[in-house]
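# Understanding the architecture of this molecule
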Amino acid sequence: MRDTLHTTRQRRGSPEAARHTSRAFTLYELLLVMGITMVLATIGSVNLVNFKKQQDIKVTTEEIIALLRNAQYRSIVQEGNVEWSVHFENPVNDRGYYDLFQGTSYNSSTISARKLLRSGIQFSDPATGGGKDIVFTKLRGEVASQINIKVEITSDPASSSTIVVNTNGKIQ
């Protein structure tokens, strides 16, 4: 029995036993963990970029609707005793913009406020190189005919939002 205990102690303290009981990670295990981490980080960053683009579309749509409602309200209360309107412009070589203006005819002297589209967002309606006016009538805040404004992500036209102003003045 004594010989058995002595032999066991020798094995535990030997360099060969220490090599088998090591608690370190191998290079293979480290590379595997790093690879999995990189794949997960890539997937996460792609999802984050897509989320940001969708939020940009949502916020832009909300800003346009807010300006349309502002113009409609000003027309209903007859601020300045004129109709209020919004002009949308989609230039060929520049970012799109929309202007709040007084009256029924758009020109630079009647502009009350201008808002540029966010980077990476563009109009698809009005078409490139075109413009569109939405004129609200005094007292009722209606428009002559239904008008659509469509904004989209420049790099992904399938991601878009359409704003509709119907003849009763309902903005959705």
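Residues numbered from 1 in each chain as written. Predicted model: local features only at pLDDT ≥ 70, side-chain atom pairs only at ≥ 80, totals over all residues. Heavy atoms only, no water.

### Looking at the pattern of salt bridges
Let me state the cut-off plainly: One side-chain nitrogen of Lys or Arg within 4 Å of one carboxyl oxygen of Asp or Glu is enough to make a salt bridge.
This model, assessed by the stated rule, comprises seven salt bridges. A salt bridge links Glu 79 to Arg 74, with the nearest nitrogen and oxygen atoms 3.7 Å apart. The partner of Asp 125 in a salt bridge is Lys 132, and the shortest N-O contact between them spans 2.7 Å.

### Some remarks on the environment of Asn 93
Put simply, the test is: Numbered from the N terminus, helices here are DSSP runs of H or I no shorter than four residues, and strands are runs of E no shorter than two.
Mapped onto the secondary structure, Asn 93 falls in the loop between strand S1 (84-90) and strand S2 (97-102). As a C-alpha pair, Asn 93 and Gly 129 span 36 residues in sequence and 8.6 Å in three-dimensional space.

### Side note on the sheet that holds S1
The line we're drawing: Any two strands are treated as partners once DSSP identifies two or more bridges connecting them. Axis definition: a line fitted to C-alpha atoms, over the contacting stretch in the case of helices. Angles run 0 to 180 degrees between N-to-C directions. The contact rule is simple, with two residues in contact once any of their heavy atoms fall within 4.5 Å.
Judged by pairing direction, the sheet is antiparallel, and its four strands sit side by side in the order S3-S2-S1-S5 without closing on themselves. Of all the strands in the sheet, the pair left with one neighbour each is strand S3 (111-116) and strand S5 (130-136). The average undirected angle you get between the axes of adjacent strands in this sheet is 15 degrees. Here helix H3 (residues 27-76) sits on the sheet in contact with S1, S2, S3 and S5, set at roughly 150 degrees to S1.

### Regarding the environment of Val 92
Among the secondary structure elements, Val 92 is positioned in the loop between S1 and S2. Expressed as a C-alpha distance, the spacing of Val 92 and Gly 129, which sit 37 residues apart in the sequence, is 5.0 Å. Those residues in contact with Val 92 that sit more than four places away from it in its chain are Thr 128 and Gly 129.

### Quick word on the packing of aromatic side chains
As a reminder of what qualifies: The pairing test for Phe, Tyr and Trp rings, Trp by its six-membered ring, is centres within 6.5 Å, and the orientation test on the planes gives stacked under 30 degrees, edge-to-face over 60, and tilted for anything in between. Burial classification: accessible surface area is computed with a 1.4 Å probe over protein chains only, and a residue below 20% of its type maximum counts as buried, one above 50% as exposed, and the rest as partly exposed.
Here the structure, examined in full by the defined rule, presents three aromatic pairs. Ring geometry for Phe 88 versus Phe 123: centroids 5.8 Å apart, planes at 90 degrees, classification edge-to-face. Of the two residues, Phe 88 is situated in strand S1 and Phe 123 in strand S4 (residues 121-125); the sequence distance between them amounts to 35 residues. Grouping residues by exposure puts Phe 88 and Phe 123 together as buried.

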